[in-house]
Amino acid sequence: MVSEENREMNIIKTPICGWGMNRAALALLVLLALAGGACDAINPTSVNNPTTTDDDLAQAKNPTEALMPGLRAQFARMINAYVVATSVISDDYSIHGTGIVVDMDEPHLVTPDLVNSTGTSASGAYWNVQELRALGDFVIDVIIPSDPNPDPALVAEAHYYRAMAYLTLGEIFSHAPHEEDGQAQPASAALEKAVTDLQSAAAFGPQAQAALARAYRLQGNASAAATAANNALGSAPDLLFAPSYDDAFLANTSVFFLVLRALQEMQPLPRLDFLDPKYTERGSPIAIAKAEEMHLILAEAALAGGDLAGARTGLVNAINMAGTRGTVSFDDIDERRNADLSLRPRSSEIMIRADSDSPYRAGLVKDRPADDLTVPSVSATSLDADSVSGLNSADELWHALWLARQEIMLLEGRRLADLGIKLPMMRREIDQNTSISQGDAGTVAVVPAYIPQTPRYAMDIYSPVEIYDGRGPDAQLLVTEVTMLVDMNRVLVQNNASPFQ
């Protein structure tokens, strides 16, 4: 008998369409996906022809509108997939369980075989990104031109979703094809296509400007990124755009690894404990565009240009905005255990320092397990606006910026790119695409030299390992001071890691 949890996971990992298929098959699978995931859009009982073609869809009443639920659903699936993968490969979370392949916890061990699955969202990032790109191509290049009266708002929305696929390809993959059996294109090419689509998506709302700011930032264009960020904030000073999930067809997958499974596989760095789990329900939304990120982009652009006052202002605005976001309360059963069942930091008495050269800081660890635990649901940071206002050196401000980006956008998929890590394409792409061979660009992970390779899992390690005098519920603290092995935010400062630098 399939458990409720496994049934939910199976629903999530059911593909919408095969991006290596012909358009007729793609069209049929789009209809089937809509029938299963958005029953109010198309009545599946009316689909009698198993060879549905482009012409069939084009002649349907309001074909663009009919296909939008499929695009929206696949966009949510893509976010689901890369949020989990990028969080565990980066220094945000470490893996302690069986639901995610442990090698994903070490960037140097990530291979195409770890991003090849059409199964769990934890390992299906590449597949889901390409699925959204292919479906976007189908809607924009085939359906909309054949629609006699497409709604301009829906056209803009379709361009937004395809842009987000290209933006994600450029953000977390070094190279990837943009068509069936195509040559692998560099990340820069994907970002250029994202910018073009986002310029056509302006009518979709300020989230399109926010995505444009992200794309320009990744391109290293500080001026354009700042302009787009200001445009987004001008339209929506408290911008928050997040795809919705549900309990039945499309759950927030990270909730399984954070909350629902008996052994919570995703364990945050101890200095990020106060932010976890952020998503507590299967339907918890995942923020894709928010005002805080726009302020951080403005701060980064100012800092890269030597404007320390502007950088302070941007950071303070981001911190203050994060402080206005809501919290959620739930009964947390997480015992904070490592893979060997030893206890991780789980007491508010514990102070954490980011490395051996940093000060110990209180308030980063919460008491767990706990009833009615309060956690941030959108944004939070350990940084204090008054303290940031007093920072006078560029290095101090850069460190605050990287820390703010990590904390405020935890579990939103940004950290991997901030670390400079790029994932390889999936194994099936390499094996079946006649234009790509193993060893080509994009078939191996790209890991900057400043990412520590030894010891293994260096970004997640802390000391001492034995913090408690046992492993049971009554275990007592042996120490109240814990030190992370490496502060990657300090490493990013030392290596001028900003795209604007």
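Since this is a predicted model, take the numbers as computed values, not measurements.

## As for the overall build of the protein chain
Phase 1: When helices and strands are tallied, the protein chain shows 17 helices and 11 strands.
Phase 2: Carbon and sulfur atoms provide 50% of the accessible area of the protein chain, an area that totals close to 18,700 Å².

## Some thoughts on unusual backbone geometry
Phase 1: D276 connects to P277 through a cis peptide bond whose omega is 15°.
Phase 2: Looking at where P277 falls in the secondary structure, it is placed in the loop between β5 (266-268) and β6 (289-290).
Phase 3: In the segment running from T454 into P455, the intervening peptide bond is cis, with an omega of -10°.
Phase 4: You can see P455 is positioned in the loop between α16 (427-432) and β10 (462-463).
Phase 5: Although it is not a glycine, R336 sits at a positive phi angle of roughly 55°.
Phase 6: As for its position among the elements, R336 is in the loop between β7 (327-332) and β8 (351-353).
Phase 7: Phi at L341 is positive, roughly 75°, even though this residue is not glycine.

## With respect to helix α7 (residues 187-199)
Phase 1: Compared with an ideal rise of 1.5 Å per residue, which puts 13 residues at 18 Å, α7 spans 19 Å between its outermost C-alpha atoms and is within 8% of the ideal.
Phase 2: Within α7, the full set of buried residues consists of A187, A189, A190, L191, A194, V195, D197 and L198.
Phase 3: Elements that come into contact with the buried residues of α7 comprise α6 (152-172), β3 (184-186) and α8 (206-219).

## So, the environment of P270
Phase 1: Assignment of secondary structure puts P270 in the loop between β5 and β6.
Phase 2: Looking at P270, the relative accessible area reads 3%, which means it is buried.
Phase 3: Once the C-alpha coordinates of P270 and I350 are considered, the two residues, 80 residues apart in sequence, prove to be 9.5 Å apart.
Phase 4: The residues contacting P270, other than those within four sequence positions of it, are R344, P345, I352, L364, V365, Y462 and M484.

## Regarding the side chain of N338
Phase 1: Secondary-structure assignment places N338 in the loop between β7 and β8.
Phase 2: A relative accessible area of 10% places N338 in the buried class.
Phase 3: Within the structure, N338 has its side chain in polar contact with the side chain of R344 (distance 2.9 Å).
Phase 4: In this structure, N338 is in contact with H96, L343, R344 and Y462, ignoring residues within four places of it in sequence.

## Things to note about the pattern of salt bridges
Phase 1: For the structure shown, the criterion picks out 25 salt bridges.
Phase 2: In this structure, D334 and R336 form a salt bridge, with 2.4 Å as the shortest nitrogen-oxygen distance.
Phase 3: On the basis of relative accessibility, which here comes to 2%, the residue D334 falls in the buried class.
Phase 4: For the salt bridge of D418 with R405, the shortest nitrogen-to-oxygen distance reads 2.8 Å. Taken together, the residues span a long stretch of sequence, with D418 in helix α15 (residues 415-418) and R405 in helix α14 (residues 394-408) at a distance of 13 residues.

## Concerning the side chain of D332
Phase 1: Here D332 is to be found in strand β7.
Phase 2: Owing to a relative accessible area of 7%, D332 belongs among the buried residues under this scheme.
Phase 3: A distance of 3.0 Å separates a polar side-chain atom of D332 from the backbone nitrogen of D334.
Phase 4: Discounting chain neighbours no more than four positions away, the residues touching D332 are R368, P369, A370 and L373.

## Looking at the packing of helix α12 (residues 308-324) against α14
Phase 1: As a packed pair, α12 and α14 sit with axes 11 Å apart at the nearest point and diverge in direction by 25°. In terms of their interaxial angle, α12 and α14 are classed as roughly parallel. Of the two elements, α12 crosses α14, and the hand of that crossing is left-handed. Packed against α12, whose contacting residues are L308, A311, R312, L315, A318 and A322, the element α14 presents A394, L397, A400, L401, A404 and I408 at the interface.
Phase 2: Here the contact of α12 with α14 is built from residues that sort into 11 nonpolar, no polar and 1 charged.

## Examining the packing of helix α4 (residues 63-89) against α6
Phase 1: The geometry of α4 relative to α6 is characterised by a closest axis approach of 10 Å and an angle of 20° between their N-to-C directions. Relative to α6, the element α4 lies roughly parallel. Like other packed secondary-structure pairs, α4 and α6 cross with a definite hand, here left-handed. When α4 is examined against α6, the residues T64, E65, M68, L71, R72, F75, M78, Y82 and T86 are found in contact with a partner set consisting of L154, E157, A158, Y160, Y161, M164, A165, T168 and I172.
Phase 2: For the contact of α4 with α6, the class distribution of residues is 12 nonpolar, 3 polar and 3 charged.

## Section: the environment of A187
Phase 1: When you line up the elements, A187 lands in helix α7.
Phase 2: We classify A187 as buried; its relative accessible area is 13%.
Phase 3: For the pair A187 and E171, spaced 16 residues apart in the sequence, the C-alpha separation amounts to 7.0 Å.
Phase 4: Those residues within four positions of A187 in sequence are excluded, and the remaining contacts are G170, F173, S174 and K422.

Calculation criteria
Residues numbered from 1 in each chain as written. Predicted model: local features only at pLDDT ≥ 70, side-chain atom pairs only at ≥ 80, totals over all residues. Heavy atoms only, no water. Helix = DSSP H or I, 4+ residues; strand = E, 2+ residues; numbered from the N terminus. Areas by Shrake-Rupley, 256 points an atom, 1.4 Å probe, with all protein chains shown as cover. Expected span 1.5 Å × (residues − 1). Buried < 20%, exposed > 50% of the residue type's maximum accessible area, 1.4 Å probe, protein only. Contact = heavy atoms within 4.5 Å. Polar contact = N/O pair within 3.5 Å; in protein donor to acceptor, adjacent residues only side chain to side chain. Salt bridge = Lys/Arg side-chain N within 4 Å of Asp/Glu carboxyl O. Axes fitted to C-alpha atoms, helices over the stretch in contact; angles between N-to-C directions. Parallel < 35°, antiparallel > 145°, perpendicular 65-115°, else oblique. Left-handed = near helix turned anticlockwise from the far one by under 90°. Nonpolar A, V, L, I, M, F, W, Y, C, P; charged D, E, K, R; others polar.

The values reported here are purely geometric and, on their own, carry no functional implication.
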